[in-house]
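# Fold and geometry: a report
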Amino acid sequence: METSRRTVIAAAAAAGVAAATAGTAHASGARGRKPVKELFGTLADGTKVHRWSLENGGTRLKVLSYGGIVQSLEIPDRRGRYRNVSLGFENIEDYVASSPYFGALIGRYGNRIAKGRFTLDGTAYQLSVNDGENSLHGGAKGFDKRVWDVEGFTSGSDVGLVLHYVSGDGEMGYPGTLRATVTYTLTRDGDWRIDYAATTDKATVVNLTSHVYWNLAGEGSGSIYDHELSIAAARYTPVDSGLIPTGELAKVAGTPFDFRRTKAVGEDIREADQQLLYGQGIDHNWVLDKGITARPEHIATLRDPSSGRTLKIATTEPGLQFYSGNFLDGTLVGSGDHIYRQGDALCLETQHFPDSPNQPSFPSTVLRPGETYRTTTVHSFSA
């Protein structure tokens with residue numbers, strides 16, 4: 001399959017995304033507040049880390065310059081009561097020491113690359129290995145551990161942040177100097193939109209995503225197994241014991257991975273299925289029915305029955321990594337002073353498929369000089 005996302009023109013979606021991703025119940029018309037910047041902490045080398053606060057359409061978002069991390073995202077329940085629905089920490093020291101990618105921007109390559117190796121145009125590359133024998137989320141010091149340049153903006157009824165990072169040739173083993181720009185926008189309807197863009201001076205591979213851990217009942221409130229989820233995908237990519245795709249695009253029908261109809265996250269998660277054993281739960285990529293699209297299209301809905309909070313996701317990407325928080329082991333204390341345990345949150349990472357550089361049948365993640373990488377994902381909230 002030679003389909004490449006380089007044909008996706010995400011900018012075409014700029015005007016009509018909020019209307020196209022129905023389901024937002026926030027009051028529209030209130031103008032967003034100008035982004036506010038404050039000092040969050042200082043790294044060991046003296047680099048200052050800032051936190052930016054945004055509010056618009058009933059959504060409140062706090063973002064760190066370190067890793068582009070969403071430190072908190074607050075939305076109201078059906079009674080108008082706000083809770084932070086993303087896992088995170090209260091200080092920079094915890095993010096540096098022990099964060100499992102809470103809220104972070106992921107790059108250069110989201111998800112796993114087998115043995116940290118791939119060959120491009122006849123040249124073999126060895127990447128940073130940080131997940132057993134594999135490379136995960138860009139290596140030992142991926143984009144989640146870099147300090148981004150951040151600028152706040154207001155544009156009409158929208159508010160947001162533009163984040164810039166330049167990844168040098170050879171960083172974590174990847175070829176080419178990659179110039180990445182990620183735009184976080186809160187719309188007048190309270191949607192959180194992410195626009196990713198990048199260019200390179202040498203052929204490389206790119207797969208950027210966001211790693212927010214969602215609990216729509218509120219951070220630290222307990223298990224998400226009662227959350228109701230639907231995913232518009234009839235196939236997924238099974239993995240081996242190292243969580244590397246086998247190359248098969250397997251049907252979800254008759255398996256615990258069938259979320260074509262809405263069901264509770266925990267409904268089948270304890271089934272005696274080898275794929276669940278490999279992941280200690282769900283940690284798999286869904287092959288979205290829509291494929292790559294020029295505009296973000298709705299692909300998943302997550303709802304917490306207790307609060308009524310609902311998240312709808314639209315994307316231009318062909319894949320969705322659903323991770324059920326399997327490796328949260330009770331050793332981390334979050335921003336609400338609660339211990340995080342297995343299943344206390346889940347991730348829904350829009351992406352190209354894991355290990356695509358080694359899987360010729362998967363959609364390509366190659367970016368070449370003169371091309372611009374563009375993808376868009378929109379999160380819409382209601383209650």
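Our subject is the structure that appears above.
Notes on the structure follow. (Residues numbered from 1 in each chain as written. Predicted model: local features only at pLDDT ≥ 70, side-chain atom pairs only at ≥ 80, totals over all residues. Heavy atoms only, no water.)

### Quick look at the overall build of the chain
- Of regular secondary structure, the chain possesses 3 helices and 29 strands.
- Its C-alpha radius of gyration of 19 Å places the chain within 12% of the 21 Å reference for a compact globule of 383 residues.
- Each principal axis of the C-alpha atoms in the chain carries an extent, and together these give about 55 × 45 × 40 Å.
- Contacts in the chain between residues far apart in sequence, at least 24 positions, make up 67% of those at least 6 positions apart.
- Surface exposure of the chain reaches about 14,300 Å², of which carbon and sulfur atoms provide 47%.
- Each charge sign in the chain was given a centre, from 39 positive and 43 negative side chains, and these centres are 4 Å apart. (Helix = DSSP H or I, 4+ residues; strand = E, 2+ residues; numbered from the N terminus. Rg over C-alpha atoms; globule rule 2.2 N^0.38 Å. Contact = heavy atoms within 4.5 Å. Areas by Shrake-Rupley, 256 points an atom, 1.4 Å probe, with all protein chains shown as cover. Lys, Arg positive; Asp, Glu negative; His and termini not counted. Charge placed at Lys NZ, Arg CZ, Asp CG, Glu CD.)

### Things to note about the side chain of S210
- Following the sequence through the fold, S210 ends up in strand β16 (residues 209–211).
- Under the relative-accessibility criterion, S210 is labelled buried at 8%.
- The contacts of S210, once residues within four sequence positions are left out, are A104, W192, I194, Y196 and E349. (Buried < 20%, exposed > 50% of the residue type's maximum accessible area, 1.4 Å probe, protein only.)

### A word on the nonpolar core
- Within the largest apolar cluster, 58 residues are counted, with the highest numbers of intra-cluster contacts made by W192, W214, I231, W286 and F322.
- The dominant element in this core, judged by the number of residues it contributes, is strand β13 (residues 178–186), at 5 residues.
- What I231 contacts, discounting residues up to four positions off in sequence, is F259, R260, W286, L288, I299, A300, L320 and F322.
- Counting residues in hydrophobic clusters, the runner-up holds 22 residues, among them F40, Y66, I69 and Y213. (Core = buried A, V, L, I, M, F, W, Y, C linked by side-chain atoms within 4.5 Å.)

### Here we look at the pairing of strand β11 (residues 149–155)
- One ladder, built from 7 bridges, connects β11 with strand β12 (residues 158–167); its direction is antiparallel. Bridged to F153 within β12 is G160.
- Turn length for the β11-β12 hairpin, with the two strands adjacent in sequence and antiparallel, is 2 residues, and the turn residue G156 shows positive phi of about 60°. (Pairing = 2+ DSSP bridges.)

### Focus: the sheet that holds strand β20 (residues 263–264)
- The 9 strands are arranged β11-β12-β13-β14-β29-β23-β22-β17-β20 in an open sheet whose pairing can be described as antiparallel. The open sheet has two edge strands, β11 and β20, and neither has a second partner.
- Relative to strand β14 (residues 192–200), β13 runs antiparallel, the two sharing 9 bridges. Each bridged residue has a counterpart across the sheet, and for A180 the counterpart in β14 is A198.

### Comments concerning the pattern of salt bridges
- Inspection of the entire model under this criterion finds 16 salt bridges.
- Across the pair E55 and R60 runs a salt bridge whose closest N-O atoms are separated by 3.6 Å.
- Given the relative accessible area of 22%, E55 is considered partly exposed.
- The exposure class assigned to R60 is partly exposed, which follows from its relative accessible area of 30%.
- Put simply, K263 and D268 hold a salt bridge, and the shortest N to O gap is 2.6 Å.
- We classify K263 as buried; its relative accessible area is 4%.
- For D268, a relative accessible area of 19% puts it in the buried group.
- Each of E55, R60 and E74 takes part in one network of salt bridges that share partners. (Salt bridge = Lys/Arg side-chain N within 4 Å of Asp/Glu carboxyl O.)

### Side note on the environment of T262
- Mapped onto the elements, T262 comes out in the loop between β19 (250–251) and β20.
- On the basis of relative accessible area, T262 is assigned to the partly exposed category, the value being 47%.
- Residues T262 and E228, spaced 34 residues apart in sequence, show a C-alpha to C-alpha distance of 6.2 Å.
- Ignoring sequence-local partners within four residues, the contact set of T262 consists of E228, L229 and S230.

### Re the sheet that holds strand β3 (residues 59–64)
- Strand order in the open sheet made by the 5 strands is β1-β2-β3-β4-β5, with antiparallel pairing throughout. At either margin of the open sheet sits one strand with a lone partner, and together these are β1 (33–42) and β5 (82–84). In this sheet, neighbouring strand axes are inclined to one another by 15° on average, regardless of whether the strands run parallel or antiparallel. (Axes fitted to C-alpha atoms, helices over the stretch in contact; angles between N-to-C directions.)

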